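Chain by chain, the residues:
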Amino acid sequence: MKKWWHSAVGYQIYPKSFQDSNGDGIGDIKGIISRLPYLKELGISVIWLSPINQSPMKDHGYDISDYYHIDPSFGSDEDFENLITEAKKYDIRILLDLVINHTSVKHEWFQKALADLDSPYADYYMIREGNGNLPPNNWRSMFGGSAWERIEGTNKYYLHLFTVDQPDLNWENPKLRKELYHIIQFWLNKGVAGFRIDAIAHIKKVFDAAMKEADGPDGLAEDFEHYRNAKGIEQFLAEMRDQAFAGQDILTIAEMDVPNPNDWVEFFGDNGYFSSIFDFYHTIYNVQSEEFKDRPVELVEKLKERAFEKQTLAHNKVFFTNFIENHDLPRSPERLIPKEEIHFYSKSLLAVHYFFLRGIPVVYQGQEIGMQDYPKNSISEYIDLATHNKYQEYLLRGKSPEEALSQINIENRENSRTPFQWSTDQNAGFTEGEPWFEVNPNYVDINYEKQEQDADSLLNFYKRLIKVRRNIEYEDVFVYGRTLQLFKEVKGCFAYKRQLGDKEVTVICNFTNQSLTIDYEYDAATQILMNNYKNIQYTQGLLSLNPYQAIVIG
Ligand code: NOJ
């Protein structure tokens, strides 16, 4: 059955860094409202907002202290209602970020639990007796350090798979689960169109008191088997689907790595637990990493392998959410393109290569103007706790401070959290105050205002791209057509055909810095729907692509 979200084009907003309206240096809801005309013009139909609930902001909102209210730094509850109403006028729907694997330590439930470990609230969290003088086991938090924190004055510990400020909820407790479903319904009643669901792969924990063999000098160990898609998670997911989501015309996108592709249909198929998935099967590659240094084409080959494996599996069964950037990843040009070749052509090629795959394309704020990483000169310039912990871990593993910093600069997630670059005004037009996080100084070159006025800019390329993706004449083939990989054997060539009935669209991207000639019967009767160069070179069955040329032929 066709659903509204099958043909959606999404846009992720990281509210802290999008647009400030009141000069406090922090992006806010009124700022987002003021930019709705821009988003309409860009052509997107759904916004995913990173968390805006009340939070001490130890993980920039992914540590919620009150699920029912908006954090004052983002505005009021009423501002949010206005956002829904205003967005509707532009045919834009809003997805919230649902962070229900953990809360903030400041959440009332956790505070009550701490005040009385015999209260029912203690059973809302994963609290366990210490192992002698040691934590209950040696699990490492995904953000570094032990995953257990001792509760003062006791020999009990609470589990935090993320930062120490984010205690994990105990999903085994049916009362807790009911509370969470209530929160979901509360926001649906306010008119949100669905959710991006945070860290949901981790809700099931199979506690194991046995010490694991240490996998690092910190004596700790990763133990994903027991807390990522752990045995039994399906029961929780099925219950949430049936009690919180069923019967509502909403879009639910799980942030989830499902290690076994054979499970994708069960999780995300027509009767799956969620509508769609943000998975990281294709985002783990970085052209600056040891593995791919000086071997960018090998990286493209990996991308191809993973992308088309997913596409084959997805056909008629799963709608993936397709993305190249988010707030947890460095910017895509740095990850995927050699430094000296980052320019309009390579950035526009990145846009084309994933936009026409089966699934929901999502653009992360700033991607459409080609924002880039902002490496730091000192670790102290980073705010993110996970980044600091990772730095310490590198030192412990024997890297020098310089080596550790240079690794952090490549891989850290704050690269994508610098404020949006709107103009050449002070602070890139993001705020009239002191920005909470430093603006990338390249804003004088890379900014919205400049690109808006240039018909050949990346921004205007994205606008055309989204228009083509949503063009009613082609929409069905892009949304429901099958994906057939083309030129699989040609190194650096990322190409595919989408096909439905007698309608076909072909996408060809040359991911190399050389021209690339392929055998291709080019039918002059077809249309060039997108081309990041001005021309196409074709002679007698041979198509020659310029370095980083990307074309879409319909
Ligand atoms: C995934 C989010 O995207 C990330 O930003 C956050 O730190 C963790 N989940 C914990 O909520």
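Residues numbered from 1 in each chain as written. Predicted model: local features only at pLDDT ≥ 70, side-chain atom pairs only at ≥ 80, totals over all residues. Heavy atoms only, no water.

K.L.:
Could you clarify how one ought to interpret the sheet that holds strand 18 (residues 528–531) in this entry?
P.N.:
Paired through backbone hydrogen bonds, the strands of a sheet run either parallel or antiparallel to each other. Here five strands make up an open sheet; going across it, the order is 14-15-16-21-18 and the pairing antiparallel. The sheet terminates laterally at strand 14 (482–486) and strand 18, the two strands that pair on one side only. Recorded for the sheet is a direction-independent mean angle of 15° between the axes of neighbouring strands. Of the strand pairs in this sheet, strand 14 and strand 15 (residues 493–500) are connected by five bridges, and their pairing is antiparallel. (Pairing = 2+ DSSP bridges. Helix = DSSP H or I, 4+ residues; strand = E, 2+ residues; numbered from the N terminus. Axes fitted to C-alpha atoms, helices over the stretch in contact; angles between N-to-C directions.)

K.L.:
Would you explain empty space enclosed by the protein in this entry?
P.N.:
A complete count under the given rule lists five cavities of 30 Å³ or more for this structure. Space inside the largest cavity adds up to approximately 170 Å³. Lining the largest cavity are 14 residues; nearest its centre among them are His 282, Ala 307, His 353, Tyr 354 and Leu 357. Counting residues per element, the ones that place at least two in the lining of the largest cavity are helix 8 (296–314), helix 9 (332–336) and helix 10 (344–355). The biggest single contributor to the lining of the largest cavity is helix 8, with four residues. In terms of residue class, the lining of the largest cavity is made up of eight nonpolar, four polar and two charged. Lining of the second largest cavity is provided by Gly 10, Tyr 11, Gln 12, Val 46, Ile 47, Trp 48, Leu 95, Leu 251, Ile 253, Ile 360 and Val 362. (1 Å grid on protein atoms, 1.4 Å probe; cavity = no way out; pocket = protein on both sides within 12 Å on 5 of 7 lines; lining within 4 Å. Points joined across faces, edges and corners; volume = space filled by probe spheres on them. Nonpolar A, V, L, I, M, F, W, Y, C, P; charged D, E, K, R; others polar.)

K.L.:
Any chance you could explain the nonpolar core here in plain terms?
P.N.:
Soluble globular proteins tend to bury their nonpolar side chains together. Among the nonpolar cores identified, the biggest contains 148 residues, and Phe 80 and Met 256 are the most heavily contacted of them. Leaving out residues up to four positions away in the same chain, Phe 80 has contacts with Ile 29, Leu 49, Ile 52, Ile 70, Ile 94, Leu 96, Trp 187 and Val 192. In this structure, Ala 147, Tyr 157, Tyr 227 and Ala 386 belong to the second largest nonpolar core, which totals twelve residues. (Core = buried A, V, L, I, M, F, W, Y, C linked by side-chain atoms within 4.5 Å. Buried < 20%, exposed > 50% of the residue type's maximum accessible area, 1.4 Å probe, protein only. Contact = heavy atoms within 4.5 Å.)

K.L.:
So what exactly am I meant to see when it comes to the domain arrangement of the protein chain here?
P.N.:
A common way to report how large an interface is uses the accessible area buried once the components associate. Per the domain assignment, the segments of the protein chain are domain 1 (4–102 + 174–209 + 230–379 + 416–467), domain 2 (108–159) and domain 3 (482–553). Listed as interface residues are 14 residues of domain 1 and, on the opposing side, 14 residues of domain 2. Summed over both sides, the interface of domain 1 with domain 2 buries roughly 1100 Å², with 68% coming from carbon and sulfur. Applying the counting rule to domain 1 against domain 2 returns zero salt bridges. Connecting domain 1 to domain 2 are two residue pairs in polar contact (both at pLDDT 80 or more). Here the element with the most residues in the side of domain 1 that touches domain 2 is helix 5 (residues 174–189); it accounts for five residues. Across the side of domain 1 that touches domain 2, the residue classes tally to seven nonpolar, two polar and five charged. (Domains from an automatic or database assignment. Buried area = accessible area lost by both parts, 1.4 Å probe. Salt bridge = Lys/Arg side-chain N within 4 Å of Asp/Glu carboxyl O. Polar contact = N/O pair within 3.5 Å; in protein donor to acceptor, adjacent residues only side chain to side chain.)

K.L.:
Hey, could you run me through the site of the ligand in this one?
P.N.:
Near the ligand lie 13 residues; those nearest to it are Asp 59, Asp 198, His 327, Asp 328 and Arg 413. Between the ligand and His 102, the relevant distance is 3.0 Å, taken from an oxygen atom to a side-chain nitrogen or oxygen of the residue. One of the side-chain N or O atoms of Asp 328 is found 2.4 Å from an oxygen atom in the ligand. A total of 300 Å² of accessible area belongs to the ligand in isolation, and the protein chains cover 97% of it. (Near = heavy atom within 4 Å. Areas by Shrake-Rupley, 256 points an atom, 1.4 Å probe, with all protein chains shown as cover.)

K.L.:
Help me understand the side chain of Asn 286 in this model?
P.N.:
Along the chain, Asn 286 turns up in the loop between strand 11 (276–278) and helix 8. There is a polar contact of 2.8 Å between the side chain of Asn 286 and the backbone nitrogen of Gln 288. The contact partners of Asn 286, leaving out residues within four places of it in the chain, are Phe 292, Leu 299, Glu 334, Arg 335 and Ile 410.

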